[in-house]
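A look at the structure
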Amino acid sequence: MLNNSEYKILCLGDVVGEDAVAKIRSTLPKYIKDNKINCVIVNGENALMGKGNGISPSIAEELFYSGVDVITGGNHSFASSSIYSMLDESRFIIRPANLHSSCPGFGSTVADIDGKKILVLNVIGRIYMSNSALDPFAEIEKILEKNKGKYDLSVLDIHAEATSEKFCIASEFDGRIDIIFGTHTHVPTADLRILPKGSAYITDLGMCGPENSSLGVKPEIAIKKIKTDMPVRFELSRNPIALEGAIFTFTESKLCDLHQIRI
């Protein structure tokens, strides 16, 4: 169980493109040290944007080398076939649990990070997302039951489009999962809070990607797509990178502080 010392978990939003990976590499190690971060969880399913979608083994390794402990996924988890074997072999990169069981990888992991066992779960939404996704509520229940008594703290990444769906999932598991955050929409929401039964919650962490962009894409290209509905080639914005997320601090397994960050 947790002792009296503080334990800090940093959660970062969707990593978008090579410039964001480079900023994480140059910034995160010092940030972890300066802020006494114990555990880092990052959504990495967009890290290859600009060179395709998804994430590659080399980028995953670069994120791990930078101090990331667990990488979560989403609707682009399988976009690059190069990652399939790593999803099957590593317990530190996961994909949504409520996808078909034949898909590569795992939907959760219990990782021993800085002396604490952290259960990390990942699900994908079904509203405006994946028509083939299974019931996220049922899959989360299965994971919690399977891992009962095997972890100190738990973290859930809900990769979903609809804010209502994210909140409903969070409400269902309020008090049973310590940290619940949303990803996918790439915009940080202003609702970081403690839910009635004690879970920390935010609808979306935001993204690690170019400022003043459309999900990381050059605005003029996204505007053309919206105006004309014609095919366009998405190009990554080269604007300065911001890393967005939140830090959750625990003492004696109880949440004592939470705040958003932008680096």
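The structure contained in this document is the topic of the report that follows.

Procedures and definitions
- The residue numbers shown here count from 1 along each chain, following its written sequence.
- The predicted origin of the model limits local features to residues at a pLDDT of at least 70 and limits the giving and counting of side-chain atom pairs to 80 or more, whereas totals for whole chains, interfaces and linings rest on all residues.
- The basis for every side-chain value is the complete set of non-hydrogen atoms in the structure, without hydrogens or water.
- Numbering goes from the N terminus for both helices and strands, where a helix is a DSSP run of H or I of at least four residues and a strand is a run of E of at least two.
- Based on C-alpha atoms, the radius of gyration is set beside the globule rule, defined as 2.2 Å times the residue count to the power 0.38.
- In what follows, a contact means two residues having at least one pair of non-hydrogen atoms within 4.5 Å.
- Note that accessible areas follow from Shrake-Rupley with a 1.4 Å probe, and for residues the cover is restricted to the protein chains shown.
- Under this rule, positive means Lys or Arg and negative means Asp or Glu; His and the chain ends count for nothing.
- The atom standing in for a charge is NZ when the residue is Lys, CZ when it is Arg, CG when it is Asp and CD when it is Glu.
- Helix axes use the C-alpha atoms of the stretch in contact, all axes being lines fitted to C-alpha atoms, and the angles between their N-to-C directions lie in the range 0 to 180 degrees.
- Each angle gets one of four labels, with under 35 degrees taken as roughly parallel, over 145 as roughly antiparallel, 65 to 115 as roughly perpendicular, and the rest as oblique.
- Throughout, a crossing is termed right-handed when the near helix is turned clockwise from the far one, and left-handed when it is turned anticlockwise from it by less than a right angle.
- Note on residue categories: nonpolar means Ala, Val, Leu, Ile, Met, Phe, Trp, Tyr, Cys or Pro, charged means Asp, Glu, Lys or Arg, and polar means any other residue, Gly included.
- Any two of the Phe, Tyr and Trp rings considered here, Trp counted by its six-membered ring, make a pair once their centres fall within 6.5 Å; the pair's planes then place it as stacked at under 30 degrees, edge-to-face at over 60, or tilted in between.
- In this scheme, a residue with accessible area under 20% of its type's maximum is buried, one over 50% is exposed, and one in between is partly exposed, where area comes from a 1.4 Å probe on protein chains only.
- For two strands to be treated as a pair, DSSP must find at least two bridges joining them.
- The directions from the helix axis to the C-beta atoms form the arc being described.

1. Regarding the overall build of the protein
Of the regular secondary structure elements, the protein holds 6 helices and 13 strands. A globule of 263 residues ought to have a C-alpha radius of gyration of about 18 Å, and the protein, at 17 Å, matches this closely. Counting only C-alpha atoms and orienting by the principal axes, one finds that the protein spans roughly 55 × 40 × 35 Å. Sequence-distant contacts in the protein: of pairs separated by 6 or more residues, those separated by 24 or more amount to 64%. On the protein, roughly 11800 Å² of surface is accessible, and the fraction owed to carbon and sulfur atoms is 52%. Averaging the locations of the 28 positively and 33 negatively charged side chains of the protein gives two centres separated by 1 Å.

2. Description of the packing of helix α1 (residues 18–34) against helix α2 (residues 57–65)
The N-to-C vectors of α1 and α2 enclose an angle of 25°; their axes lie 9 Å apart at closest approach. As far as their axial angle goes, α2 and α1 are roughly parallel. With respect to the hand of their crossing, α1 and α2 are arranged in left-handed fashion. Along its contact with α1, which presents V21, I24 and R25, the element α2 presents I59, E62, L63 and Y65. Residue classes in the contact of α1 with α2 are distributed as 5 nonpolar, no polar and 2 charged.

3. Considerations on the packing of aromatic side chains
For the structure shown, the criterion picks out 3 aromatic pairs. Note on F78 and Y84: the rings are 6.2 Å apart at their centroids and 80° apart in plane angle, and the pair reads as edge-to-face. Exposure remark for Y84: the relative accessible area of 31% places this residue in the partly exposed category. Ring geometry for F167 against Y201: centres 6.0 Å apart, planes inclined by 65°, an arrangement best described as edge-to-face. Residue F167 is located in helix α5 (residues 163–172), and its partner Y201 is located in strand β10 (residues 200–202); the two are separated by 34 residues in the primary sequence. Its relative accessible area of 35% is what places F167 among the partly exposed residues.

4. Some points on the sheet that holds strand β5 (residues 108–113)
Here we have 6 strands laid out as an open sheet, ordered β5-β6-β7-β8-β10-β9, and mixed in their pairing. Each edge of the sheet is formed by a strand with only one pairing partner; in this case those strands are β5 and β9 (193–194). Strand direction decides the pairing type here: strand β8 (residues 179–183) and β10, joined by 3 bridges, are parallel. If you follow F181 over to β10, its bridge partner there is I202. Running at roughly 160° to strand β6 (residues 116–124), helix α4 (residues 136–146) makes contact with β5, β6 and β7 (153–159) of the sheet.

5. Comments concerning α2
Of all the residues in α2, the buried ones are I59, A60 and L63. What you see down the axis of α2 is that its buried residues fit within an arc of 100°, all on one side. The outward face of α2, more than 90 degrees from its buried face, is lined by the exposed residues S58 and Y65. In this structure, the buried residues of α2 make contact with α1, β4 (70–72) and α3 (84–89). One or two positions beyond α2, positive phi appears at G67, with a value near 120°.

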